[in-house]
Amino acid sequence: MSSIEKLPKLPSGEPVLPALYDPQLRWAMLRSRWAYRIRLAFEACVLRPLENRLFERWLKQERFARQVEATGLPYRSVEAYLDKNLELQVDPNALTTLISIPRSFPVKSERRSALNQFIWKGDWDRTRYDFSKGSRYRFIDDIWRHRDEPVQSAAYKRLVHRIEQGKPFRSHHKGILLNTPDKVLAYLNVYIGYMKDMQRHGFNNTLGKDRLGVAIDRHGRVVKLNRGLHRLAMAQVLELKAIPVQVRSVHARWWFQVTSGKRGEAALVKMVEALRECRPAV
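Residues numbered from 1 in each chain as written. Predicted model: local features only at pLDDT ≥ 70, side-chain atom pairs only at ≥ 80, totals over all residues. Heavy atoms only, no water.

Trainee: Just give me the short version of the overall build of the chain, but keep the residues and values in it.
Mentor: The helix and strand tally for the chain stands at 12 helices and 10 strands. Reported as C-alpha extents along the three principal axes, the dimensions of the chain are approximately 60 × 40 × 35 Å. Here the contacts in the chain between residues at least 6 apart in sequence split such that 71% fall between residues at least 24 apart. In the structure as shown, the chain presents an accessible area of about 15500 Å², 51% of it carried by carbon and sulfur atoms. A distance of 5 Å separates the average location of the 51 positive side-chain charges in the chain from that of its 29 negative side-chain charges. (Helix = DSSP H or I, 4+ residues; strand = E, 2+ residues; numbered from the N terminus. Contact = heavy atoms within 4.5 Å. Areas by Shrake-Rupley, 256 points an atom, 1.4 Å probe, with all protein chains shown as cover. Lys, Arg positive; Asp, Glu negative; His and termini not counted. Charge placed at Lys NZ, Arg CZ, Asp CG, Glu CD.)

Trainee: Report on helix 9 (residues 181–201), specifying residues and quantitative values.
Mentor: Compared with an ideal rise of 1.5 Å per residue, which puts 21 residues at 30 Å, helix 9 spans 30 Å between its outermost C-alpha atoms and is within 8% of the ideal. Burial in helix 9 covers these residues: Lys183, Val184, Tyr187, Leu188, Tyr191, Ile192, Met195 and Met198. As for helix 9, its buried residues are in contact with helix 7 (135–145), helix 8 (154–164), strand 5 (169–171), strand 6 (176–178) and helix 10 (229–237). Gly202 sits one or two residues past helix 9 and shows a positive phi near 90°. (Expected span 1.5 Å × (residues − 1). Buried < 20%, exposed > 50% of the residue type's maximum accessible area, 1.4 Å probe, protein only.)

Trainee: I'd like to hear about helix 11 (residues 252–259), residue by residue, with values.
Mentor: Here helix 11 has its buried residues at Ala252, Trp254, Trp255, Val258 and Thr259. Along the long axis of helix 11, the arc covered by the buried residues comes to 160°, so they all point the same way. Turned more than 90 degrees off the buried face of helix 11, the exposed positions are Arg253 and Gln257. In the core, the buried residues of helix 11 are packed alongside helix 2 (26–59), helix 3 (65–70), strand 3 (119–120), strand 7 (213–216), strand 9 (243–251) and helix 12 (264–275). Ser260 lies just past helix 11 and shows a positive phi near 50°. (Arc of directions from axis to C-beta.)

Trainee: Please set out the packing of helix 2 against helix 4 (residues 75–82) residue by residue, giving values where relevant.
Mentor: Contact geometry of helix 2 with helix 4 gives a least axis separation of 8 Å together with a crossing angle of 70°. The orientation of helix 2 relative to helix 4 falls into the category roughly perpendicular. Mapping the contact onto sequence places Glu43, Leu47, Arg48, Glu51, Asn52, Phe55 and Leu59 in helix 2 and Arg76, Ser77, Val78, Ala80 and Tyr81 in helix 4. (Axes fitted to C-alpha atoms, helices over the stretch in contact; angles between N-to-C directions. Parallel < 35°, antiparallel > 145°, perpendicular 65-115°, else oblique.)

Trainee: Run through the packing of helix 9 against helix 10, naming residues and quoting values.
Mentor: The contact between helix 9 and helix 10 brings their axes to 10 Å, and the two run at 50°. On the basis of their axis angle, the class for helix 9 and helix 10 is oblique. In the crossing of helix 9 with helix 10, the sense of the turn from one axis to the other is right-handed. Residue-level contacts link Tyr191, Tyr194, Met195 and Met198 of helix 9 to His230, Arg231, Met234, Ala235 and Val237 of helix 10. Residues that form the contact of helix 9 with helix 10 fall into these classes: seven nonpolar, one polar and one charged. (Left-handed = near helix turned anticlockwise from the far one by under 90°. Nonpolar A, V, L, I, M, F, W, Y, C, P; charged D, E, K, R; others polar.)

Trainee: Talk me through the packing of aromatic side chains; I want residue IDs and the actual numbers.
Mentor: Pairs of aromatic rings are described using the distance from one ring centre to the other and the angle between the two planes. A complete count under the given rule lists 10 aromatic pairs for this structure. A centroid spacing of 5.6 Å and a plane angle of 70° characterise the contact between Phe55 and Tyr81, whose relative ring orientation is edge-to-face. On the criterion of sequence distance, the pair formed by Phe55 in helix 2 and Tyr81 in helix 4 is long-range, its members being 26 residues apart. With relative accessibility at 3%, the residue Phe55 sits in the buried group. When its relative accessible area of 36% is taken as the criterion, Tyr81 is described as partly exposed. With a centroid separation of 5.2 Å and an interplanar angle of 90°, the aromatic rings of Trp120 and Trp124 are classed as edge-to-face. According to the relative accessible area criterion, Trp124 is buried, its value standing at 1%. An aromatic cluster is defined as three or more aromatic residues linked by ring pairs; in this entry it consists of Phe55, Trp58, Tyr81 and Trp255. The cationic tip of Arg248 hangs over the ring face of Tyr75; the distance from NZ or CZ to the ring centre is 3.5 Å. (Phe/Tyr/Trp six-rings, centres within 6.5 Å; stacked < 30°, edge-to-face > 60°. Lys NZ or Arg CZ within 6 Å of the ring centre and 35° of its normal.)

Trainee: With reference to specific residues and values, describe the nonpolar core.
Mentor: The biggest cluster of nonpolar side chains holds 64 residues, and the ones touching the most others in it are Trp58, Phe118 and Met271. Here the element with the most residues in this core is helix 9; it accounts for seven residues. The residues contacting Phe118, other than those within four sequence positions of it, are Gly72, Leu73, Tyr75, Val78, Leu86, Val247, Arg248, Ser249, Val250 and Met271. The next biggest cluster of nonpolar side chains, apart from the first, holds 10 residues, and it includes Ile99, Trp124, Leu225 and Ala281. (Core = buried A, V, L, I, M, F, W, Y, C linked by side-chain atoms within 4.5 Å.)

This is the structure:
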């Protein structure tokens, strides 16, 4: 058995990058993978069947249909049912408004509920940020400007400084421990390599764990959620013209406006039609 085959896998089942891995991460990674598999099993055996039954009741406008809609519709069922109809092509450079789920839903119980819903109520869309001023964009812009000499980048200097302080960057979810300058350089080169590939071949929506998630605010405008932020930053820095994004949720006010009293499948048809007119928030 090769050394690569002996390495623990990421929670999602993907292999770790050997150049960034350290044996210190092994047990934390295994615990994360077990927890991830248990959660997936619970979703597949218990949660998804229940959500699908409720969603079917709503689609056919059977008993409890109004209650199902009032609780926000199960997003996994909506996503599976509509699939590509939730995908939009947007100019990444126009997608600069970011919504942070933890900040938009500061109460944990509300946040947990929102993560299972497609229709979001409340003022979550009023707490927004300029993505171009965020840490992900600054990181990607920095390493791309120094792609020929990554050791001159602010990111390299910052990560090496953490090593000198005895606080190296680590993420057992990603199988990464940057405890040497060589590992820091390898880490930055992974991102630079992704960007060079994107520059040559365009945006690849299959590279990340999730599709780039967006939400539709109360005015029908597209806002970015905190999923796939590095990939969005890459597309912006490279000045790509269009990228695919996936609608993860919609504001309740916009939903009721565009569905115009329709219920079930007819409401979804109206919403999908309205999505084609949605543009990034400014």
